[in-house]
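Tertiary structure, described
Below, each chain spelled out in residue letters.
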Amino acid sequence: MEKAKVMRVPSVARDGSVKPRGAAAAPVARPVMRMLRDSPSGVLAARLTPVSESRDEIRRSWRRAAALALDFIHNSGRLKGAVDQVIADTVGSELILKPAPDYAKLGWSQERSVAWSKMVKTEWKKDSWNPRECDHRGKFTVPQLVAISLRWHIAFGETTGILTHFDAGQRARYGVRTGSKTLLVPPPRLVQDTNEALRLFQGVYHDENGRAEGYLFEERQNGFPKKVRYPAYDASGRTVVMHIFDPLDADDVRGISQLTPILKQHAQTEVAREATLQTLIVQTFFAAVLTSKLPAAEAIESLQELAKDGNTAGKAIYDNVLGYLGSTLDRAAEGGVSLTGGSRIPVLGPDEDLQFRQAQAPGDNYLPLTQSLDRDMARAIGVTYGAYTMDHSDATYSSVRMENASIWPVVMRRREHIAAPMYQTIFEQWLDEKIETGAIPFPGGLANYRANRDAASWAQWQGPEKPTADDLKSEKAASERIANGTSSIPREAELKGVDADELFDERSADHKRYVDAGMRSPYDRDAPAPAQPVEVQNTN
């Protein structure tokens, strides 16, 4: 009996190709749920990034990041303006001292605390705005020193300085009263030396608990560099070296430039803008291109070869072509085409076309790209996009309010973490001397002050007001908060950048002056206007 034939169906792939019989099937990719699941293109696998400690990364990158940041700031008006904006937002013209002694712990009454605080503010104002009294070099006021420290915060990521003291001879030499001085030292002079055996890391000595106990600076003595170690604190616990930075990790020893995350973006932005500028410059020039259907040089040479062979027909063709070309060019020359002289109407020959070529500007993607890069820059620096670019073309009232609302906590954090600590450090050293020398009397005597130094020297530092998009709406909102009991005049004054104590004294003095003069005080809106004297005329 004949066997039945078995029909084999070929295995056809999706693309139409026939797979060989018996070939193994390709494994089917199954979805996997896990962290760091890569894309089919392997975009995560292409980024080989090891885990390293923050302080090691800062030590390796500190000098390079500082050099690039300084170079970009010095050569970019936009970056320089952004740094100035950071200073203006953070401290304005200065941070106002608001002494806040713990009068209960000191055994004072509230009235005595207010009177003593007013005296301290008056003395601090005079000395902090006198460069000879506050600066070791005698050049800058305290607000100027703080502005320098904020520039260093952006470029280097930290502020370093030494608190010095002039003895009686030095004070007499310079004609100053105060011995406490502040000497700002550029952060690059704090060396990068690291020695684990000495517990020295990036120029900072530590004790067994990781606390800073000394700093190694490089100084120039008689023209030669020399490394000098300064203690972090003196024997009395007072600060000797001022080192202020905003850490990225709990184990950080030094800060790093705030521009580090955006150095690449800024370089790319500069390249894009430079290329665009060069394109715009090239666009001021043009090229004139004359196209024609007349025979090229190779065709003329071929006809010339025909004439050389002694061929009468070839020579006749050559002469006719030259005659035609000559007459054509003669007619065009009569009209002329002038690109350098005065205005003339070009008259071209038959089948000729005159075109002008210009360099093409970047496409529509240029502005979105640069705006995205600028937003990255503004966010990293800590200013609004409008403040960084001065571009308010698409701004609305709501967008401005949201910009200010989102960036203001950043400004307050920078004020409290960078500017205020420097003010407080200088103030505490200054107050120590003033009380110890008797220039500022302290209720309870020196023993009371030395036993409660922290309670006596505590202070708050008030900066400029929060920017608003509409002053009228902001003032109405402040009045509503006070009326509802959710705020107070001191709180609202602080938001306005006004010292509440000074405001109260000014209003009280003005009010008394108006009342004593028999006038209605502008601070008493419900009071009736004083009666005006009426002159009685004699009718006799």
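Here the structure is shown first, and the text comes after it.
Everything in this summary refers to the structure shown in the same document. Owing to the predicted nature of the structure, the values given are computational and were not obtained by experimental measurement. (Residues numbered from 1 in each chain as written. Predicted model: local features only at pLDDT ≥ 70, side-chain atom pairs only at ≥ 80, totals over all residues. Heavy atoms only, no water.)

**Looking at the sheet that holds strand 4 (residues 158-165)**
Selection rule: For two strands to be treated as a pair, DSSP must find at least two bridges joining them. Comment: elements are numbered from the N terminus, with helices defined as DSSP H or I runs of at least four residues and strands as E runs of at least two. Angles shown run from 0 to 180 degrees and are taken between the N-to-C directions of axes, each axis being a line fitted to C-alpha atoms and, for helices, limited to the stretch in contact. Whether two residues are in contact is decided by their heavy atoms, any of which lying within 4.5 Å being enough.
On the basis of which strands lie adjacent, the open sheet formed by three strands has the order 5-4-10 and antiparallel pairing. In the strand order of this sheet, the two ends are held by strand 5 (180-184) and strand 10 (241-245), each with one partner. For this sheet, the mean angle separating the axes of adjacent strands, direction not counted, is 25 degrees. By the bridge criterion, five bridges tie strand 4 to strand 5 in an arrangement that is antiparallel. Across the sheet, residue H165 finds its bridge partner in strand 5, namely S180. Contacts between helix 13 (residues 397-436) and the sheet are confined to strand 4, strand 5 and strand 10, with strand 10 contributing the most and set at about 160 degrees to the helix.

**Quick word on the sheet that holds strand 9 (residues 224-231)**
Taken in spatial order, the four strands of this open sheet run 6-7-8-9, and their pairing is antiparallel. Among the strands making up the open sheet, the edge pair consists of strand 6 (200-201) and strand 9. Note that strand 6 and strand 7 (residues 204-206) share two bridges and pair antiparallel. Across the sheet, L200 pairs through a bridge with Y205, a residue of strand 7.

**Comments concerning the packing of helix 6 (residues 142-155) against helix 13**
Put simply, the test is: Between 65 and 115 degrees an angle is taken as roughly perpendicular, under 35 as roughly parallel, over 145 as roughly antiparallel, and anywhere else as oblique. Left-handed describes a crossing in which the near helix is turned anticlockwise from the far one by less than a right angle; the clockwise case is right-handed. Each residue receives one of three labels: charged for Asp, Glu, Lys and Arg, nonpolar for Ala, Val, Leu, Ile, Met, Phe, Trp, Tyr, Cys and Pro, and polar for the others, Gly being one of them.
Interaxial distance between helix 6 and helix 13 falls to 11 Å at its minimum, and their mutual angle equals 140 degrees. Considering the angle they form, helix 6 stands oblique to helix 13. Note on packing geometry: the crossing formed by helix 6 with helix 13 is right-handed. The segment helix 6 lies against helix 13, with V142, P143, L145, V146, S149, L150 and H153 engaging R414, I418, A419, M422, Y423 and I426. Of the residues assigned to the contact of helix 6 with helix 13, the class counts are ten nonpolar, two polar and one charged.

**Looking at the pattern of salt bridges**
Heads up, the rule is: One speaks of a salt bridge when a side-chain nitrogen belonging to Lys or Arg is within 4 Å of a carboxyl oxygen belonging to Asp or Glu. The classification of residues rests on relative accessible area computed with a 1.4 Å probe and restricted to protein chains. Under 20% of the type maximum is buried, over 50% is exposed, and intermediate values are partly exposed.
All told, the structure shown has 23 salt bridges when counted by the stated rule. Between K125 and E94 there is a salt bridge whose closest N-O contact spans 2.2 Å. Residue K125 is found in helix 4 (residues 110-128), and its partner E94 is found in the loop between helix 2 (77-90) and strand 3 (96-99); the two are separated by 31 residues along the sequence. What makes K125 partly exposed here is its relative accessible area of 42%. When its relative accessible area of 12% is taken as the criterion, E94 is described as buried. A salt bridge links D246 to R413, with the nearest nitrogen and oxygen atoms 2.6 Å apart.

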